[in-house]
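What follows is the residue order along each chain.
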Amino acid sequence: LIIEKTQLIGYNYYMPTVAQENGFSLIIRTRDHEPPHVHVWKNKKEMLFYLGSENERPSLRENKGMTQKEALDAFKLVCKYQEELLSKWKEIYG
């Protein structure tokens with residue numbers, strides 16, 4: 001489920017939630033850095049995934065506390081929405 005929910009964090013710093021599913025929130029920050037990546041949150045735990053490209057699947061950058069099952073479920077979601085997430089990244093960063 002792709003959504004458009006944005007939270008303002010500090011001065012001119014947004015965190016658009018671009019998808020939510022099964023308790024996970026997939027977020028692309030508006031003031032972040034290359035390469036394209038997504039922050040995945042569940043129950044105050046976070047994972048970061050590089051988004052890859054049209055020819056490359058996503059890959060894990062960092063796990064900040066998720067269990068192995070949560071990590072696998074998060075990875076499956078990022079793969080499922082990879083095209084939409086890359087599109088959103090390009091929309092935000094050009």
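Enquirer: What exactly am I supposed to notice about unusual backbone geometry here?
Expert: Generally, phi is negative for residues other than glycine and the peptide bonds are trans, each holding for most cases. Residue Pro35 is bonded to the preceding Glu34 through a cis peptide linkage, with omega at -5 degrees. Position of Pro35 relative to the elements: it lies in the loop between strand 3 (24-27) and strand 4 (37-42). The phi dihedral of Asn22 is positive, around 50 degrees, even though this residue is not glycine. With respect to the helices and strands, the residue Asn22 is situated in the loop between strand 2 (14-21) and strand 3. Of note in the backbone geometry, Lys44 takes a positive phi value of approximately 65 degrees without being a glycine.

Enquirer: So what exactly am I meant to see when it comes to the packing of aromatic side chains here?
Expert: Any aromatic ring pair is given by two values, namely how distant the centres are and how the planes are angled relative to each other. For the structure shown, the criterion picks out 2 aromatic pairs. Geometrically, the ring pair formed by Phe49 and Phe75 is tilted, given 6.0 Å between the ring centres and 40 degrees between the ring planes. In this pair, Phe49 sits in strand 5 (residues 45-50) while Phe75 sits in helix 1 (residues 68-80), placing the two residues 26 residues apart along the sequence. We note that Phe49, like Phe75, is buried.

Thresholds applied
Residues numbered from 1 in each chain as written. Predicted model: local features only at pLDDT ≥ 70, side-chain atom pairs only at ≥ 80, totals over all residues. Heavy atoms only, no water. Helix = DSSP H or I, 4+ residues; strand = E, 2+ residues; numbered from the N terminus. Phe/Tyr/Trp six-rings, centres within 6.5 Å; stacked < 30°, edge-to-face > 60°. Buried < 20%, exposed > 50% of the residue type's maximum accessible area, 1.4 Å probe, protein only.

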